[in-house]
Amino acid sequence: MSLDILFYILGGLTIGTALMVVLSKHPVRSVLYLVLTFFLISANYVMMNAQFIAIVNIIVYAGAIMVLFLFVLMLLNLNKENEPKHSPLMTIGAAIAGGGLFLVVVAAMRDAILAAPMIDTNSQQVGLVENLGKVLFTKYVLPFEVSSVLFLAAMVGAVLLAKREKQTIE
Amino acid sequence: MLLATLFESGVKIEHYMVLATALFVIGVFGVLYRKNAIILLMCIELMLNAVNLLLVAFSTYFGQADGQLFVFFIMVVAAAEATVGLSILVLLYRNTRSTDIRLFNKLKN
Amino acid sequence: MALLLFILPVFFALSVLIIPKQGVRAYGIIGSLAVLGVVIACMMQYNNDGTVHLFVNQPWLAGITMSFGYDGISLIMLLLTAVLVPLVLVSNFKNELAENRLFTSMVFFMQLGLIGVFISMDGLWFYVFWEITLIPIFLISWWFGAPERKAALMKFFIYTFVGSLAMLAALIGIKVNAPSFYIEDLKAVVFTSKTACWLALGFFLAFAIKIPVFPFHTWQPDTYTKSPMAGTMLLSGIMLKMALYGMIRWMIPLFPEAVACLQWPVIILATIGVVYGAVIAIKQKDMKRVFAFASMSHVGLIAAAIMVWDFDALSGSMVQIVNHGLVAVGLFLAVEIIERRTGTRNLNDLGGFAKQAPKFAFWFAALAFASVSVPLTSGFIGEFLMLKGLVQFDMIVGIVAGTTLILGAVYTFRAYQLSMYGPVTRDQFADLHWSELLVLAVIIIAVVILGVYPALITDFVNPSLKIVLETISTPSGL
Amino acid sequence: MDALLIVFASGLISLFAAFAKKPWLVVGSAMAGLLAAIIVIIGQLQTGKAFFDFLKYEGLAFDQVALLFSLAICVLTLLIVGIGYERFKENPVHTGEYIGLLLFSATGAMIMTAYTDMFMFFLGLEILSIPIYVMAGSNKADVRSSEASLKYFLTGSFATGVFLFGLAWVYGATGTFKLQEIQLKIQEMDTLSPILMIGVLLIMASFIFKVGAAPFHFWSPDVYDGAPPAVTGFMASVVKIAAFFAFLKMFAFCFGRGELYDFWKGALVVMIVITLFVGNLSALRQVKFKRLLAYSSITHVGYTLLLFVSQGDVAGTLWFYMFSYGFSIVGIIAVAIAVNDSEDRIEGLRGLGKRNPFLAIVGIVALLSLAGIPPTSGFFAKYILFSSAWENASWLVIIALINSGISIYYYLKVLVTIASPAEQEQEKIKLSPLTIAVLTIALVGMLGFSFILPFLY
């Protein structure tokens, strides 16, 4: 029963911080709320016994990606409230679109038929590093290798875009 | 292993499905609502995280590692996307001194 | 041998682009005469049993077959094309246009398309060549037409293209039920009469726009007046005939079930066109417009006669197709001769040329007589046979259509009289250049010979017409 | 797999070759790599053997169809590298990065043709997209280019998010990421799970986003307009081929079960109709050349979507259609690059016939092919496409034909602008031998592709 309550608290907090990301006017605050959201999501992962993903989530998202965001915000000196008022029409439109999507998905969930769970011997250990590593380096070794192409491309692209040209300085 | 018995103890997969959907919808709402490109990027990250949550929930439910590995790859891609997205923003900021997407309308007739 | 029908036009169309400017004139005429030679050789070889001689026949992509061949009907159309193209080139001999490489090249591409239309025995190839003809004629008119041509030509292109799309839809519609696009395969498909009517309507729309039949004619006068003379000649001389040929070869044989529902509407529309064209022609000031509407009137009669689907009427319409092709080219040349010398086509500004240019007066008069189908010209035979068919079909329709004889005389001789007689309006009017004389003489001689001895055409086409008719008179499935 | 490795390796080599600061070396190595890949693919098609056959790899299967699509991707990338060379040369510092990214993107496209599980599909999609986001903004001094890049990036990654969300639901309903198993699981279901339907719908929405069909097309005119022309050509040809084939594989193979098909077909049919009309009617009033191309490409997306409701050899039809469309795009983009009008007006094409007759001919033929006028391969492709869709959706084909009729107006407008003489004398356009070679290939492709094709089978 206590777990139930724990879930509701965690879930409520997650949604709350996520909403704050969207609603807060100050970009830096948004970033910080997002970091908080990621921590809460990680907590959810731990509750689901997916420790590895929980750790990676904190390292990659909260640690690397969000720091990058913060860094860019500071670099561009964007840490001020410069966003003008939204037109009410736009707000209502966005809210209706989002709400509609939510309702449709939740309605579909109500009589959802999931695939049969195939909990077998090592289901308790599914989220542990050892198990994931084994699957990753046997079954999914090719995607793993291929993702290096992705990183290479992203790296080259980022360098190409962010590098200052000589003529722009002159 | 108290936590591992979660699914037997009352927190159902449905709860996570709703939570993930809510997070995703907040992300979508943010993309439609906000005008600052950097915050749009953050909202997209939020959407991806909602997907991750959903996948992990399914993966645990099925007792199968594939879903969690997919999450792993989504993180890889999210990192790459964030890098590229932020460098595009830096580039644009250099040209326009702003990240407000409403200013980017040079392409209209 | 018959493959040369494709190879020669392509060869000349491309090679003319790289030869020196002075040679273009002669080169173009030589090329078109070479094609004429090939066509005549094909006619010699043809044993006149009325069947289709396929010289290529093999399957190709996605149910399309490479089937090309000819029978009597195709050969007459080929001959008409092959005769008219050199005439068009010769009639431009004095013009700078004839020196133009692009122009000559486009004429050859046009000829390629026309030949393709007449020898395709595969539905999709028919469509392909049908569309191909559109591009050169459009470019000829676009590049060399009157200054304010643009809107009219756009209208022309879009109109005809949209019509063709209807035909494409109909073709796809039949093909779904047939193994291939080969004409015999398509003919073998049996439809309910409702489907057949819809599909036949698709074909009819394409043909009706090109012919043009009454409510679809609005593109025609403007396009004719804004095109250069060569373009107008090609349009009215041969391109219209594609549609008439298409009716005989494709529309009715493919959908014999649809004759019942299409016959009356088409005949009525065509007959309205006959009278309407003639009446409008009488009121025109612009000479080219007179003959544009006249052409609509004449061709409407042919379309009506084809829809009667009677042996004599068909035979007559074949004669009239040839006759109208020749005469239309001649009449537009006459207009061009006047315009070239005086700079105007307005009938009110013209007059008195008969005294200054007696040779021109004579040949133009001969053309006018041929146009109104006096006996001894081929038009007489053609119109007589067609009207006979129409009267047999329905007395009232026949009589209404028959008024074309009287109305035709009115507008033709009005145009002739206003331009050639009356007070002299120009200080000088040079008589015919030899190239113009040649064209007019060839046309008149051909028309008279065919008028005296129409069997030259009818003997050739009748066996084939008989076969086409027979396949229909026993509708499969009934 | 061989060709995939070759293309990737030549992308790497191009990156390093750039240190020599000689653009021709970079382009040369890229083209050599692509040529080698083409030869390898053809060899594999002929013999059925590949060097890397002995490796078993999860997630990729280069079967006959995948090889054919890879071939199309390599050929078109080769042509686009060829026509883009002049522009790349202007900025020699970055040639290596441009070409390298283009080749990486082509690698991603090839992965998308051969994927058998969602892992590879997703990675392929991203490897395809991320370099294009960058390439769209590669004209760094131009704000419009950066803007195009941002718009493409935002919509692209948003679509990725939507796709993943849909995929997660499909995973929830089926419990697997493998195409084969997903298909099996869906077949086995007694009744369709609602979350599966939600998943399929979301995946379809992301697909509509990615290919730029209405109602999610708003980004594509801006992006096509702002990106450098060669990149626009790449987006219109290679990216579309890969995206269409990959999604076709997914929808026709996995989600093809009767009730599910009826479910998404309904949504798709509506979108096809909207796409056709929106693309065409917006194109009618464009005055800028690349924007016109963008809207016309939206219309073409609409035609191509007909394949999803067609019968028969759908993949073969798609291949033929996209290949001949790709040739036309290469031709028309080459014209845009050569004319190099900074304002990109359609009027800027006036007098092209005088400035360079060969270019004018290529442009005219490309327009005819786009409009689907015989005897260009564009016509035959369109015909085959329409006739395969006739059986299942004849009224949709008639709507598509009506739209072909509308589209003829704006193609004709451009065509006659090319054919008309200019008011004042303009300087002649000189083409490099490389461009001429590429254009000749494209011209042969546009005119002769459909005639060669039967002999290839």
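Residues numbered from 1 in each chain as written. Chains lettered and ligands numbered in written order. Predicted model: local features only at pLDDT ≥ 70, side-chain atom pairs only at ≥ 80, totals over all residues. Heavy atoms only, no water.

An unreviewed UniProt entry lists chain B under the name NADH-quinone oxidoreductase subunit K, with Fluviicola chungangensis given as the organism. Among the UniProt annotations of chain B, the heading Catalytic activity (unreviewed entry) holds the following wording: "a quinone + NADH + 5 H(+)(in) = a quinol + NAD(+) + 4 H(+)(out)". Quoted straight from UniProt, the Sequence similarities (unreviewed entry) entry for chain B says "Belongs to the complex I subunit 4L family." (UniProt positions renumbered as here; feature names shortened; annotations may be inferred.)

*Asks:* Please explain the UniProt feature "transmembrane region" (unreviewed entry) in chain B as it appears in this structure.
*Replies:* Under the present numbering, the feature "transmembrane region" (unreviewed entry) in UniProt falls on residues 15-33, 40-63 and 69-93 of chain B. With 96% helix and 0% strand, residues 40-63 of chain B has its two end C-alpha atoms placed 34 Å apart. (Helix = DSSP H or I, 4+ residues; strand = E, 2+ residues; numbered from the N terminus.)

*Asks:* Which parts of the structure should I look at to understand the pattern of salt bridges?
*Replies:* Side chains that differ in sign of charge can pair as their charged atoms come close. Using the criterion set out here, one finds 20 salt bridges over all chains in the structure. A salt bridge links R340 of chain C to E336 of chain C; the nearest nitrogen and oxygen atoms lie 3.4 Å apart. You can see R340 of chain C and its partner E336 of chain C sitting in helix α14 (residues 311-342), 4 residues apart, about one turn around the helix. The buried category is assigned to E336 of chain C, whose relative accessible area is 11%. Here R350 of chain D ties to E347 of chain D by a salt bridge, and the two come within 3.0 Å at their closest N and O atoms. Each of D142, R144, E147, K151, D222, D225, K288 and R291 of chain D takes part in one network of salt bridges that share partners. (Salt bridge = Lys/Arg side-chain N within 4 Å of Asp/Glu carboxyl O. Buried < 20%, exposed > 50% of the residue type's maximum accessible area, 1.4 Å probe, protein only.)

*Asks:* Help me understand the packing of aromatic side chains, please; the structure alone is not making it clear to me.
*Replies:* Centre distance and the angle of the planes are the two values used to describe a pair of aromatic rings. Residue and element names in this part refer to chain B. Enumeration over the complete set of coordinates arrives at 90 aromatic pairs over all chains. Ring geometry for F29 versus Y33: centroids 5.1 Å apart, planes at 15 degrees, classification stacked. Of the two residues, F29 and Y33 are both situated in helix α1 (residues 13-33); the distance of 4 residues between them amounts to about one turn of the helix. Note on accessibility: F29 and Y33 belong to one class, buried. (Phe/Tyr/Trp six-rings, centres within 6.5 Å; stacked < 30°, edge-to-face > 60°.)

*Asks:* Could you clarify how one ought to interpret unusual backbone geometry in this entry?
*Replies:* If a residue is not glycine, its phi is most likely negative; likewise, a peptide bond is most likely trans. All names here are of chain C. At the junction of I211 and P212, the peptide bond is cis and its omega measures out at -15 degrees in the coordinates. With respect to the helices and strands, the residue P212 is situated in the loop between α9 (193-210) and α10 (220-226). Residue S373 is not a glycine yet carries a positive backbone phi of 60 degrees. The residue S373 is located in the loop between α16 (358-371) and α17 (378-393) in this model. Residue classification places S373 among the buried positions, given a relative accessible area of 7%. For L376, which is not glycine, the phi torsion reads 80 degrees and is therefore positive. Structurally, L376 is set in the loop between α16 and α17.

*Asks:* Honestly, the interface of chain A and chain D in this entry has me stumped. Any pointers?
*Replies:* Quoted interface sizes are often the accessible area lost when the parts come together. Facing the 28 residues of chain A at the interface are 38 residues of chain D. Summing the contributions of chain A and of chain D, the shared interface buries around 2900 Å²; its carbon and sulfur component is 82%. Counting across the interface, chain A meets chain D through 0 salt bridges. Applying the counting rule to chain A against chain D returns 1 residue pair in polar contact (both at pLDDT 80 or more). When residues in the side of chain A that touches chain D are grouped by element, the largest group, 13 residues, is from helix α6 (residues 141-162) of chain A. Among the residues making up the side of chain A that touches chain D, the classes are represented as 22 nonpolar, 2 polar and 4 charged. (Contact = heavy atoms within 4.5 Å. Buried area = accessible area lost by both parts, 1.4 Å probe. Polar contact = N/O pair within 3.5 Å; in protein donor to acceptor, adjacent residues only side chain to side chain. Nonpolar A, V, L, I, M, F, W, Y, C, P; charged D, E, K, R; others polar.)

*Asks:* Explain the interface of chain A and chain B to me, please; I cannot follow it from the model alone.
*Replies:* In this assembly, 85 residues from chain A lie in contact with 76 residues from chain B. Across the chain A to chain B interface the summed buried area is about 7500 Å²; carbon plus sulfur atoms make up 77%. Summed over the three residues of chain A that lose the most area to chain B, namely V22, M48 and F69 of chain A, the buried surface amounts to 10% of that side. On the surface where chain A and chain B come into contact, there are 1 salt bridge. Residue K139 of chain A pairs with D66 of chain B through a salt bridge whose shortest N-O separation is 2.9 Å.

*Asks:* What should I look at first to understand the pairing of strand β2 (residues 65-70) of chain C in this one?
*Replies:* Every other side chain in a regular strand lies on the same face of the sheet, so the side chains alternate between the two faces. All names here are of chain C. The buried count for β2 comes to 6 of 6 residues, which makes it a mostly enclosed element. Because side chains alternate across β2, one face comprises the buried residues T65, S67 and G69, and the other comprises M66, F68 and Y70, equally buried. Relative to β2, strand β1 (residues 53-59) runs antiparallel, the two sharing 6 bridges. Across the sheet, residue H53 finds its bridge partner in β2, namely Y70. (Pairing = 2+ DSSP bridges.)

*Asks:* So what exactly am I meant to see when it comes to the side chain of S30 of chain A here?
*Replies:* With respect to the helices and strands, S30 of chain A occurs in helix α2 (residues 27-47). A distance of 3.1 Å separates polar atoms of two side chains, one belonging to S30 of chain A and the other to S24 of chain A. Look past the residues within four positions of S30 of chain A in its chain and what remains in contact with it is M20, V21 and S24 of chain A together with I39 and M42 of chain B.

*Asks:* Is there a simple way to think about the state of the cysteines in this case?
*Replies:* Joining two cysteines, a disulfide is a covalent bond between their sulfur atoms. Residues and elements named next belong to chain C. This structure, assessed with the given rule, holds 1 disulfide over all chains. In this model, C197 is linked to C261 through a disulfide, with the two sulfur atoms separated by 1.8 Å. Taking the sign of the torsion about the S-S bond as the criterion, the disulfide between C197 and C261, at about -125 degrees, is left-handed. Placement of the pair is C197 in helix α9 and C261 in helix α12 (residues 259-283), with a sequence separation of 64 residues. Overall, C197 belongs to the buried group, its relative accessible area being 18%. In this structure C261 comes out as partly exposed when scored by relative accessible area, which is 31%. (Disulfide = S-S within 2.5 Å.)

*Asks:* Just checking my understanding: could you explain the arrangement of the chains for this structure?
*Replies:* Between chains A and B lies the most contact-rich interface of the 4 pairs of chains that touch. No interface is formed between chain A and chain C, the nearest pair of C-alpha atoms being 38 Å apart.

*Asks:* Where do I start with the packing of helix α5 (residues 118-136) of chain D against helix α10 (residues 229-254) of chain D in this structure?
*Replies:* Packed helices, taken two at a time, are described by the angle between their axes plus the distance between the axes. Residue and element names in this part refer to chain D. Close contact between α5 and α10 brings their axes to 11 Å; oriented N to C, the two are set at 165 degrees. In terms of their interaxial angle, α5 and α10 are classed as roughly antiparallel. Pair α5 / α10 crosses with left-handed handedness. Contacts from M118, F121, L128, I132, M135 and A136 of α5 reach α10 at V231, F234, M235, V239, A242, A246, F247 and M250. (Axes fitted to C-alpha atoms, helices over the stretch in contact; angles between N-to-C directions. Parallel < 35°, antiparallel > 145°, perpendicular 65-115°, else oblique. Left-handed = near helix turned anticlockwise from the far one by under 90°.)

*Asks:* Would you mind showing me how to read helix α9 (residues 219-226) of chain D here?
*Replies:* Residues and elements named next belong to chain D. Of all 8 residues making up α9, 8 are buried, and the element is well covered by its neighbours. The set of residues buried in α9 consists of W219, S220, P221, D222, V223, Y224, D225 and G226. The inward-facing, buried residues of α9 abut α6 (143-174), α8 (194-211), α10 and α12 (289-305).

*Asks:* Please explain helix α13 (residues 314-339) of chain D as it appears in this structure.
*Replies:* Within an α-helix, residues lying three or four positions from one another point in the same direction, as the helix has 3.6 residues per turn. Between its first and last C-alpha, α13 of chain D extends 37 Å over 26 residues, near the 38 Å set by a 1.5 Å rise per residue. Counting buried residues in α13 of chain D gives 25 out of 26 residues, a clear majority hidden from the surface. (Expected span 1.5 Å × (residues − 1).)

*Asks:* What exactly am I supposed to notice about the environment of I39 of chain B here?
*Replies:* On the secondary structure map, I39 of chain B appears in helix α2 (residues 37-62). The spacing of I39 of chain B and V84 of chain B is 45 residues in sequence and 15 Å in space, taken between C-alpha atoms.

*Asks:* Looking at this model, I keep getting lost on the layout of surface pockets. Mind explaining?
*Replies:* Left-over empty space is what a probe sized like a water molecule reveals as it rolls over the atoms. In this structure, the largest pocket encloses a volume near 1900 Å³. Taken together, 49 residues form the lining of the largest pocket, with L14, S105, M106 and F109 of chain C together with I361 of chain D sitting closest to its centre. Here the lining of the largest pocket is built from residues that sort into 38 nonpolar, 7 polar and 4 charged. (1 Å grid on protein atoms, 1.4 Å probe; cavity = no way out; pocket = protein on both sides within 12 Å on 5 of 7 lines; lining within 4 Å. Points joined across faces, edges and corners; volume = space filled by probe spheres on them.)

*Asks:* Help me understand the environment of W125 of chain C in this model?
*Replies:* Within the secondary structure, W125 of chain C sits in helix α5 (residues 123-132). Under the relative-accessibility criterion, W125 of chain C is labelled buried at 4%. Sequence separation between W125 of chain C and F181 of chain C is 56 residues, and the spatial gap between their C-alpha atoms is 8.7 Å. Discounting chain neighbours no more than four positions away, the residues touching W125 of chain C are W60, I64, T65, M66, F68 and S120 of chain C together with F380 and F451 of chain D.

*Asks:* Help me out: how do you make sense of the environment of Q311 of chain D in this one?
*Replies:* Residue and element names in this part refer to chain D. Counting through the fold element by element, Q311 comes out in the loop between α12 and α13. With relative accessibility at 41%, the residue Q311 sits in the partly exposed group. Spatially, the C-alpha atoms of Q311 and N392 are 7.4 Å apart, while their sequence positions differ by 81 residues. Residue contacts for Q311: discarding those within four places in its chain leaves S388, E391 and N392. Side-chain polar atoms of Q311 contact the side chain of N392, separated by 3.3 Å.

*Asks:* Before we go on, may I ask you to explain the packing of α5 of chain C against helix α6 (residues 134-144) of chain C in this structure?
*Replies:* All names here are of chain C. Relative orientation of the contacting elements α5 and α6 amounts to 5 degrees, with a least axis distance of 4 Å. The orientation of α5 relative to α6 falls into the category roughly parallel. Facing α5, whose interface residues are W130, E131 and I132, α6 presents L134, I135 and P136. Across the contact of α5 with α6, the residue classes break down as 5 nonpolar, no polar and 1 charged.

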